[in-house]
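Remarks on the overall topology
Here's the letter readout for the chains.
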Amino acid sequence: MEGAEEAGAEITVDSKDLQQQSKALDKLTDRVEDRQLDSNRVQSAMASIGASREADLNAKRLREKELASVKINAADVELIVNELELEKNVVERTLREHKGDAVAATRELLSRYPL
């Protein structure tokens, strides 16, 4: 009889363990289900990011076209390049950003690249 009682106790323990494991598994799967994302929300977020990136690229292209259309004096470029010992393309871009104003461009370059 003792053997039968021990076997019954083991079955009871096993069923309690199974119940606890089942509850633990249910809790895990509930959390995973809560965290799953709606694919439509993800797609709309990705589309929004793509549109934002495209708008940024278009704005950058327009800015580059605007800067390219600004006339700058070659003598100003050479003077600033020689005096501040900077690369020509940096000086040209800064002059274009300041619409050809050599004094404002020089101030900007001196603040950005102190001697």
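Our subject is the structure listed above.
Residues numbered from 1 in each chain as written. Predicted model: local features only at pLDDT ≥ 70, side-chain atom pairs only at ≥ 80, totals over all residues. Heavy atoms only, no water.

Let's shift gears to the overall build of the protein chain. Looking only at helices and strands, the protein chain has five helices and zero strands in total. For the protein chain, restricting intrachain contacts to residue pairs at least 6 apart in sequence, the fraction spanning at least 24 positions comes to 40%. Of the roughly 9600 Å² of accessible surface on the protein chain, 53% is carried by carbon and sulfur atoms. (Helix = DSSP H or I, 4+ residues; strand = E, 2+ residues; numbered from the N terminus. Contact = heavy atoms within 4.5 Å. Areas by Shrake-Rupley, 256 points an atom, 1.4 Å probe, with all protein chains shown as cover.)

Now for the nonpolar core. Residues V77, I80, V81, L84, L86, V91, L95, A105 and L109 constitute the largest nonpolar core, which totals nine residues. Looking at this core, the elements with two or more residues in it are helix 3 (74–84), helix 4 (88–97) and helix 5 (102–112). Take this core: its biggest share by element is four residues, from helix 3. Dropping the residues within four chain positions of it, L95 is found in contact with I72, D76, V77, I80, G100, D101, A102 and A105. (Core = buried A, V, L, I, M, F, W, Y, C linked by side-chain atoms within 4.5 Å. Buried < 20%, exposed > 50% of the residue type's maximum accessible area, 1.4 Å probe, protein only.)

In this section: the pattern of salt bridges. As enumerated under the stated definition, the model contains five salt bridges in all. The shortest N-O distance in the salt bridge between E66 and R63 comes to 3.1 Å. Residue E66 and its partner R63 are both found in helix 2 (residues 39–68); the two are separated by three residues, about one turn of the helix. Given a relative accessible area of 41%, E66 falls into the partly exposed group. For R93, the salt bridge goes to E97, with nearest N and O atoms at 3.2 Å. Of the two residues, R93 and E97 both sit in helix 4, four residues apart, roughly one turn of that helix. (Salt bridge = Lys/Arg side-chain N within 4 Å of Asp/Glu carboxyl O.)

Right, let's talk about the side chain of T94 for a bit. As for its placement among the helices and strands, T94 is situated in helix 4. The contact partners of T94, leaving out residues within four places of it in the chain, are A105, E108, L109 and R112.

A cluster of nonpolar side chains, contributed by V42, M46 and I49, occupies part of the molecular surface with about 270 Å² of accessible area. Relative to the helices and strands, V42 is located in helix 2. For V42, a relative accessible area of 34% gives the class partly exposed. (Patch = residues over 30% accessible without salt bridge, like charges linked within 9 Å, V, L, I, M, F, W, Y side chains within 5 Å.)

Those residues of helix 4 that fall on the buried side of the exposure criterion are V91, T94 and L95. All buried residues of helix 4 fall inside an arc of 100° around its axis, so they share one side. Looking at the buried side of helix 4, the elements it contacts are helix 3 and helix 5. (Arc of directions from axis to C-beta.)

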